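Below, each chain spelled out in residue letters.
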Amino acid sequence: MRRDWPAILLSLPFLGPIAFLLLASFTPSREFGQGRYWSFPPTLESFSLAWQSATFVLYYRNTILYTVGLLAVQLVTVTLAGYALARLRFPGRQAVFYVVLLQLFLPPVVLILPNFLTLRAIGLGDTLVGLAMPYVASAYGIFLVRQGFRSVPPEYDEAAMLDGAGRVRILWHVLVPMVRPHLAAFSVVSLIYHWNEFLWPLVATSSNSNRVLAVGLQSFTRASESGAEWGLICAGTLIVIAPLMLLFVLFQRLFIESFTQSGLKG
Amino acid sequence: MKRRALLAAVVLVLVAGIVPMAQAQMKLQFYYPVGVAGPLARIIDGYVKEWNQKNPQIQVEPVFAGGYTEAYAKTLAAIRGGTPPDVAIMLSQNLNDIIGQDIVIPLDELIAADAAQVKMDDFFPAFMLNSTQGGKVWSIPFQRSTPVMYYNKDAFKEVGLDPNKPPQTQAELVAAAKKLTKQEGGRTTRWGLAIPSSGGVDTWLYEALTIAAGGLLYDTNNSCCKVLLASKPAETAAQFLRELGEKEKVSPPGPINWGTTANDFAAGNVAMIYYTTGGLGFIRNNAKFDFGTAFLPKDQRFGTPTGGGNFYLFKATPPDRRKAAWEFAKWMTSTEILARWSIDSGYVAPRKSSWETPVMKDYVGKYPQAITARDQLQYAHAELPVKNIIEVKRAITTALQTVLTTTQPVGPILAEGQKRVDEILK
């Protein structure tokens, strides 16, 4: 128990907002406004108000399609690209790698307008596919997976090759299982990032039928011209982050293992 | 053979019937921002649905576009991408930036053609100030607000102040605030007054204080490009704001956050606040005490800036669609919709006639606090209208924060801020 203290201390700044979120969303808004931060029995009034404020079922569907679909494609692209950059010898390999690295240094906000224009030009404006398009080749994922492949001794490849396996077979049966922690770490980052993303989906989509959770949440929590309705804002936020939190609680061990392992080897 | 001819004839008639119908039906895109917590997006969608039912030929698609800043960015992106919205609500204050981008059209011709129906003189003149530039009307007021003073009537009674006579002047304001400030064991349990100066609309209330001091934050002769931060009234206002916390000790020291001010008032932690009339609903729902609203107290004069968003039409829209978009904007800014929108959202209905509708009379009868903002409009001025407004506001905020967090003389701080603003506007 004593060993856990540093960890608990470190987590406090992160637990604070979560505690506030829970208190504010379950306390009647009126009481919370008057400085009573706890009430029994807890109320669901804020949740019902938040739920009515946006078409959440549709946004859930879109968000899941967007994040999970994108991740599935990303896993293929980053694995193949990472493998090529780690194992294949071809002229300009280093240059290609630097170009990928370069993309890591570009803040995504800078690319919103050019990406938007490109999507319009190829007819993918205001679609979920278009929304995912700019992220299909993730520089971060490619870099992470490449480092993963490089940490696997080439003797594994050679042994499999001696047994008559082709490149695809080696990749699939030998290498991918060994970089699983890297892929898992990347998946977590990608899922969370795209689940929470706001500005790009706001610009890239227009019809309500293509909107995602983060945009829907913002549609009723803006308070620049009114009071901050903490109950409503927090209940809405909980509705949006609940699936991710649930996932994390369920697969907590897996997440942490994947991060520590990929970190050690990378 | 006959049958086939008949079939062909039927198909022909059908096609002939469908094609013109398809042409007659127009689909417009309408971008709108949301600045108030609550299901406002759904309320707007509801109005649009009503319009669509009444006007099958002009179908409008409502597009929620974020807060004001994001909505503006999204509009610009869409225009550059070649798919501009047909009609949009954007910040009234942004007019100079919007004209600078050359994306909107003046509405005078459309208004002239429909004068009897649009009745522009029905709008409160104060709300038209940020709509006009160079003698032309560029936007129609829709969701507008002004700050008012909210005060806790129960606290007034408690300390022996007349709850029906809120302070009229800043001297009375400070005197009342002193009485209302309550200390227990060296700790302040209730502040007398809070004028938020950071977060949200950070320069708005400072602007109000500058107006009260007899000045304006910009030069009316050069309203696009000249800020008057290094001016006597601006200095008086900054000094006043600083002294509330530092000298009079009736406000929490330092910058006061916009976002939590309404909560603090509703919780009884502060007895008087300067706040947007848009917060009325929130305070009504959350305060357990009796409260009133009043004009912002005067120094040299009463006064307030206005705020909020207007309807704009775009240059890139082809004429036939523009006509349709105008019809829609006209309907959205009609007496009846503006009255309903005011009640649904808390904004001030910008048409005088909206206040004469039965629904509005009913509402005002129940909540007389809503009238203050309307009556204060006679003293209202345009909100800081200069271009590059985001950077300008940031520079002013920086100067103001320096005033509130240091003890250096106010004059030089504002002079420094003025220099930065001048550079931004060069």
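Just so we're clear, the structure is a prediction, and the values are computed from it rather than from any experiment.

**Here we look at the overall build of chain B**
Okay, step 1: If you tally the helices and strands in chain B, you get 19 helices and 14 strands.
Okay, step 2: Dimensions along the principal axes, computed over C-alpha positions, put chain B at roughly 105 × 50 × 35 Å.
Okay, step 3: Residue pairs in contact within chain B that sit at least 24 positions apart in sequence constitute 73% of those at least 6 positions apart.

**Section: the overall build of chain A**
Okay, step 1: Each helix and strand counted, chain A has 15 helices and zero strands in total.
Okay, step 2: Overall, chain A is about 75 × 60 × 30 Å in size when its C-alpha atoms are taken along their principal axes.
Okay, step 3: Of all 266 residues assigned to chain A, the portion counted as buried reaches 35%.
Okay, step 4: Intrachain contacts of chain A at a sequence separation of at least 6 include 75% that bridge at least 24 residues.

**Section: helix H3 (residues 68–80) of chain B**
Okay, step 1: The end-to-end C-alpha distance of H3 of chain B is 19 Å, a good match for the 18 Å that 13 residues give at a rise of 1.5 Å each.
Okay, step 2: What H3 of chain B keeps buried is the set Tyr-68, Ala-71, Tyr-72, Lys-74, Thr-75 and Ala-78 of chain B. The buried residues of H3 of chain B occupy one face: seen down the axis, they fall within an arc of 165°.
Okay, step 3: In this structure, the buried residues of H3 of chain B make contact with helix H12 (199–204) of chain A together with strand S1 (26–32), strand S3 (87–91) and strand S13 (307–313) of chain B.
Okay, step 4: Where H3 of chain B ends, the next residue or the one after it, Gly-82 of chain B, has phi of about 80°, a positive value.

**Some details on the interface of chain B and chain A**
Okay, step 1: Taken residue by residue, the interface counts 43 residues in chain B and 31 residues in chain A.
Okay, step 2: Within the residue set of the side of chain B that touches chain A, elements represented by two or more residues are helix H2 (40–54), strand S2 (58–64), H3, helix H12 (258–266) and helix H13 (280–286) of chain B.
Okay, step 3: Per-element accounting of the side of chain B that touches chain A gives the leading share, five residues, to H12 of chain B.

**Things to note about the sheet that holds strand S7 (residues 147–152) of chain B**
Residues and elements named next belong to chain B.
Okay, step 1: Sheet architecture is open: five strands sit in the order S8-S9-S10-S7-S11, paired in mixed fashion. The open sheet has two free edges, formed respectively by strand S8 (182–184) and strand S11 (291–294), since each of these has just one partner strand. Taken pair by pair, the neighbouring strands of this sheet meet at an average axis angle of 25°, ignoring direction.
Okay, step 2: Taken together, the four bridges between S7 and S11 define a ladder with antiparallel strand orientation. Each residue of the ladder has a partner; that of Met-149, found in S11, is Ala-294.

**Quick notes on unusual backbone geometry**
Residues and elements named next belong to chain B.
Okay, step 1: The phi torsion at Lys-249 lies on the positive side, around 55°, for a residue other than glycine.
Okay, step 2: Position of Lys-249 relative to the elements: it lies in the loop between helix H11 (232–246) and H12.
Okay, step 3: Positive phi outside glycine occurs at Asn-388, with the angle close to 45°.
Okay, step 4: The topology assignment puts Asn-388 in the loop between strand S14 (380–381) and helix H18 (389–405).

**Description of the sheet that holds strand S6 (residues 140–145) of chain B**
Residue and element names in this part refer to chain B.
Okay, step 1: Within the open sheet, the five strands sit side by side as S2-S1-S3-S13-S6. Their pairing is mixed. Since the sheet does not close on itself, it has two edges, and those belong to S2 and S6, each with one partner. On average, each strand axis in the sheet is inclined to that of its neighbour by 20°, with strand direction left out of account.

**So, the nonpolar core**
Okay, step 1: Grouped together as the largest cluster of nonpolar side chains are 153 residues, with contacts concentrated most on Phe-30, Tyr-150, Leu-193, Met-272 and Phe-328 of chain B.
Okay, step 2: When near neighbours in sequence (up to four residues on either side) are disregarded, Leu-193 of chain B contacts Leu-173, Ala-177, Leu-244, Val-250, Ser-251, Val-270 and Met-272 of chain B.
Okay, step 3: Among the nonpolar cores identified, the runner-up in size contains 18 residues, and Ile-142, Val-179, Ala-185 and Phe-186 of chain A belong to it.

**What about the packing of helix H10 (residues 204–212) of chain B against H11 of chain B?**
Residue and element names in this part refer to chain B.
Okay, step 1: One way to put it is that H10 packs onto H11 with a least axis distance of 8 Å and a crossing angle of 120°. Judged by the inter-axis angle, H10 sits oblique to H11. In this structure, H10 crosses over H11, and the sense of that crossing is right-handed. Side by side, H10 and H11 meet where Tyr-206, Leu-209 and Thr-210 of the first sit next to Pro-233, Ala-234, Ala-237, Phe-240 and Leu-241 of the second.
Okay, step 2: Partitioned by chemical class, the residues of the contact of H10 with H11 number seven nonpolar, one polar and no charged.

**Looking at the environment of His-381 of chain B**
All names here are of chain B.
Okay, step 1: Here His-381 is to be found in strand S14.
Okay, step 2: Along the backbone, His-381 and Glu-336 are 45 residues apart, and their C-alpha atoms lie at a distance of 26 Å.
Okay, step 3: Those residues within four positions of His-381 in sequence are excluded, and the remaining contacts are Leu-129, Ile-211, Leu-216, Gly-303 and Pro-305.

**Some details on the environment of Val-78 of chain A**
All names here are of chain A.
Okay, step 1: Its location among the elements puts Val-78 in helix H4 (residues 56–87).
Okay, step 2: Between the C-alpha atoms of Val-78 and Pro-243, which are 165 residues apart in sequence, the distance is 25 Å.
Okay, step 3: Setting aside chain neighbours within four positions, we find Val-78 in contact with Ser-138, Gly-141, Ile-142, Val-145 and Phe-186.

**Observations regarding the confidence of the model for chain B**
Okay, step 1: When the pLDDT values of chain B are averaged, the result is 91; 94% of them are 70 or greater.
Okay, step 2: Here the predicted complex scores 0.84 on pTM and 0.76 on ipTM.

Procedures and definitions
- Residues numbered from 1 in each chain as written.
- Chains lettered and ligands numbered in written order.
- Predicted model: local features only at pLDDT ≥ 70, side-chain atom pairs only at ≥ 80, totals over all residues.
- Helix = DSSP H or I, 4+ residues; strand = E, 2+ residues; numbered from the N terminus.
- Contact = placed C-beta atoms within 7 Å.
- Buried ≥ 20, exposed ≤ 12 C-beta atoms within 10 Å, placed from the backbone.
- Expected span 1.5 Å × (residues − 1).
- Arc of directions from axis to C-beta.
- Pairing = 2+ DSSP bridges.
- Axes fitted to C-alpha atoms, helices over the stretch in contact; angles between N-to-C directions.
- Core = buried A, V, L, I, M, F, W, Y, C linked by C-beta atoms within 7 Å.
- Parallel < 35°, antiparallel > 145°, perpendicular 65-115°, else oblique.
- Left-handed = near helix turned anticlockwise from the far one by under 90°.
- Nonpolar A, V, L, I, M, F, W, Y, C, P; charged D, E, K, R; others polar.
- pLDDT = per-residue confidence, 0-100.

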